[in-house]
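# Breakdown of the fold
Each chain, letter by letter, is given below.
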Amino acid sequence: MTPFIPTSHFFTDPASVSQTTAQAFGPVSENEFNLTAKFTSTGAQAFAVCKGVVLIQPQGVGSEVVNLILRPYEQPINGFNIRYFVYRGLKKSDFFSGDNVLADGSGVSGFIKGINKSFAGFYKNENVPPFLAKYIGFDPTQQAANLPLDQFFFKDSEYVDNAGQFVEKEETAFELPMVAKGTSLGQFITGECGIDVVLNYGDYQLAAPNAEFNFDLNYARAAGASISLATITDEFQKKLVKEQITQFLDVAAFYGFHCGNGSVNINGTATKGEAIYTAAVSKFSTKNKLYLYIQSDRCRSYNFYGNYLINSTDTESLKLGTVETALTEQAYETNGWPLLIDEAAHTPATASNSLFLQLVTDNGVNSMLYGQVATVLAAKENFLNAEGLKAPDATDGTPSIFTKTINLVNPAVATGNTGLNIASFNILIYQGYNYPYILGQETDDNNVTTNVLGLPNFFDDVFDLLNATPLLKATQDNDYSVLSSQKIKLISHYHNNTQLGISAVQTLNINDVIETDDAVTPLLKRVTYITETVDVLNTALSVTGTLTPDMKSNPSVSGAVSNSKTYQLPDAFYYNLQVFTDSTETVIGLKLLAKDGSSTPNKIILGLTKTENDLLKTLISANNLINARLFLIDLFIDGNELVSAENITYQKYKAGIVGENAAGELKLYFPATDLMVYSIDRKYHFTSRYSKYVKEEIKGLSGDKNNEIID
């Protein structure tokens, strides 16, 4: 695994920053969590952390203070996406004079100089009109506080008739400016200010209401952001709201993360290693806090579903400590919030500190851990598979309910004979204990009704965001769209009952159309769900048994950017077509292959027609489901797959939806008409209608490999 090499600019002069415990990021109590790292500023200049797009909003009504939202164009931590940096508490007079953008002149920021130059250049310096603030998106009287923040960065321009001419609608008649990394932006006020660091999980939008944090202008305009549970009485709703903290980072941890392998420009000087801590991170009261986020089943936090409890009568769900031989049982929480914070002094002082933990496991073959942002000692490529996680059995042969001890290593700073953490963050992805879902209900002879429980297979924790839509609209044509879900999921790959390895994946939901031979309906609308590899662990010894990595990255976008509106596999892959019969139905089978011919494709694909996909999506809205995922029920006994009359081995499934209902239960729902899905390789899954019109010769993006049909 290539280590992260973060490069950023510090957001202000560190000498101007001080922070009290009350101003710090993190849990305040069981009912409140600060999302903003507040600090007291002496009024220094603010700088762009990275190259990005800028939106400015007022802080409060009639205030002479503004907030600035920077959306990265170039990520400061390559491979780990930041959605926003929110600067809270800048001087409005450094940006605007009345309704106009501040004119260029001595003492103005680099940001103001740059946008004035661009504006004048647009008019070629002749008859330059007034540079109104609304031209760069600052028009608070016309912008309702409940408008989504993303709407400004992914605006869909609308044109209206004005005296016979079509002009851009006033609400969208602006262009947000771009700034380079390190550009001076304007001064912080003297007094309390703040900064938020928000993670990005994909450029999509969900229909309201939903359980995600609401990034609207109310959020953008506040002096500080926090989550409060004080008015929430429903316990499941509290759990959902608590999950929102996993999208936020402490700015001290963000910069402290650079100490390991990156650099920070501080007041014009590229600074590395412990010097970053000394010059900048040490200004925050959280300077020695390590934040540990553990994501588990269905992208929820560890033990969200209560399946990792050490015993059913207590809340403890793991062991944790700074000394390997002295771990303590505790719950996965800090003040009730789903993260762990370590700020203990380690003895003796070394260049790095270890944090040891053991997680609860059922020792299943699909147990796996991935250090998405972490150095996991003794892990292979930052993965631990079931064998790597399994602890020795007890002397009587009883399997341990805990994994082996996991050692997380992070940079430290010496204070005398003790080593203190340099503020940072770790993110682990762990699946180690099967969670049940409600398959149905049964009533016994005494008329007592109980739930019938089932367990998911490898497929059922993967494809999400079924009701989401892309934010970016490339064209007005909606026949083709790509939606990228950037939360990491883990897939354990098997072939011939042998585990080949583990993939850490993101997922794509792709809408497309394919030509048919039906004159009445010449185009068939389809939906393809596909995994996109971020990292891969190969465990097989043979060369031909390894997994093919596919490190592509796709943005979310609506509208085809090429002439083709039919989805094509990435150029590392192609497929064979195999015709077989299932009872009386003839099915065009799709088999996924790697073009190099030497390894096993690590992609998982599911193809449905849009009509079939809509049937499943209806189940989500009809049952008010949250965090819904596609689900396949096996209609064959594992190891005894179906064999067609043509002697082709295939798998058959029934498709449904599993989601969290209002009571927080995981429940399975099926459409009224059974939706059958097939596969001949456990990689490419499809309905017969989806594959019916796939042509014999469809080339990958590179155009150098034709598909073949096998009868």
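Described in the following lines is the structure provided in the data block. A quick note: this is a predicted structure, and the numbers were derived from the prediction, not measured.

### Description of the overall build of the protein
Along the protein, the regular secondary structure elements total ten helices and 51 strands. Each of the 711 residues in the protein was classed as buried or not, and the buried ones make up 53%. For the protein, the share of sequence-separated contacts (at least 6 apart) that also reach a separation of at least 24 residues comes to 70%.

### Remarks on helix α4 (residues 235-242)
Inspection of α4 places F236, K238, L240, V241 and K242 among the buried residues, and these make up the whole buried set. Contacts made by the buried residues of α4 are with β18 (226-228), β45 (626-634) and β47 (649-660). For α4, the side-chain oxygen to backbone nitrogen distance between the N-cap and F236 is 3.1 Å, and the N-cap itself is D234.

### Points about a nonpolar patch on the surface
A surface patch of nonpolar side chains, about 300 Å² in accessible area, is lined by F122, Y123 and V128. Mapped onto the elements of the fold, F122 is located in helix α1 (residues 110-122).

### What about the environment of Y255?
When you line up the elements, Y255 lands in helix α5 (residues 251-256). The spatial distance from the C-alpha of Y255 to the C-alpha of F10 is 7.9 Å, given a sequence separation of 245 residues.

### Section: the environment of L149
Within the secondary structure layout, L149 lies in the loop between α1 and α2 (150-153). Taking the C-alpha atoms as reference points, L149 and L55, separated by 94 residues in sequence, lie 9.2 Å from one another. Residues contacting L149, with those up to four places away along its chain left out, are L55, I69, Y84, F215, D216, L217, Y219 and A220.

### Focus on unusual backbone geometry
Across the junction of T347 and P348, the peptide omega takes the value 0°, indicating a cis bond. Along the polypeptide, P348 turns up in the loop between β25 (340-342) and β26 (352-359). Unlike most non-glycine residues, N303 shows phi in positive territory, near 70°. Assignment of secondary structure puts N303 in the loop between β22 (290-295) and β23 (318-321). Even without glycine at this site, N624 takes up a positive phi of about 50°. In this structure, N624 sits in the loop between α9 (610-622) and β45. Note on N624: relative accessible area 59%, which makes it exposed.

### Considerations on the nonpolar core
Grouped together as the largest cluster of nonpolar side chains are 135 residues, with contacts concentrated most on F11 and Y87. No other element matches the six residues that strand β9 (residues 82-91) contributes to this core. Ranked by size, the runner-up nonpolar core spans 28 residues in total, among them L569, L577, F580 and L590.

### Observations regarding the sheet that holds strand β4 (residues 32-34)
Backbone-to-backbone hydrogen bonds pair the strands of a sheet. The strands run either parallel or antiparallel. Ordered by their spatial adjacency, three strands build an open sheet running β3-β4-β18, and the pairing between neighbours is antiparallel. Only two strands of the sheet have a single partner each, and these edge strands are β3 (26-29) and β18. Pairs of neighbouring strands in the sheet enclose a mean axial angle of 20°, with direction left out of account. Across three bridges, the pairing between β4 and β18 is antiparallel. Considered in β18, the bridge of N34 is made with S226.

About the thresholds
- Residues numbered from 1 in each chain as written.
- Predicted model: local features only at pLDDT ≥ 70, side-chain atom pairs only at ≥ 80, totals over all residues.
- Heavy atoms only, no water.
- Helix = DSSP H or I, 4+ residues; strand = E, 2+ residues; numbered from the N terminus.
- Buried < 20%, exposed > 50% of the residue type's maximum accessible area, 1.4 Å probe, protein only.
- Contact = heavy atoms within 4.5 Å.
- Polar contact = N/O pair within 3.5 Å; in protein donor to acceptor, adjacent residues only side chain to side chain.
- Patch = residues over 30% accessible without salt bridge, like charges linked within 9 Å, V, L, I, M, F, W, Y side chains within 5 Å.
- Areas by Shrake-Rupley, 256 points an atom, 1.4 Å probe, with all protein chains shown as cover.
- Salt bridge = Lys/Arg side-chain N within 4 Å of Asp/Glu carboxyl O.
- Core = buried A, V, L, I, M, F, W, Y, C linked by side-chain atoms within 4.5 Å.
- Pairing = 2+ DSSP bridges.
- Axes fitted to C-alpha atoms, helices over the stretch in contact; angles between N-to-C directions.

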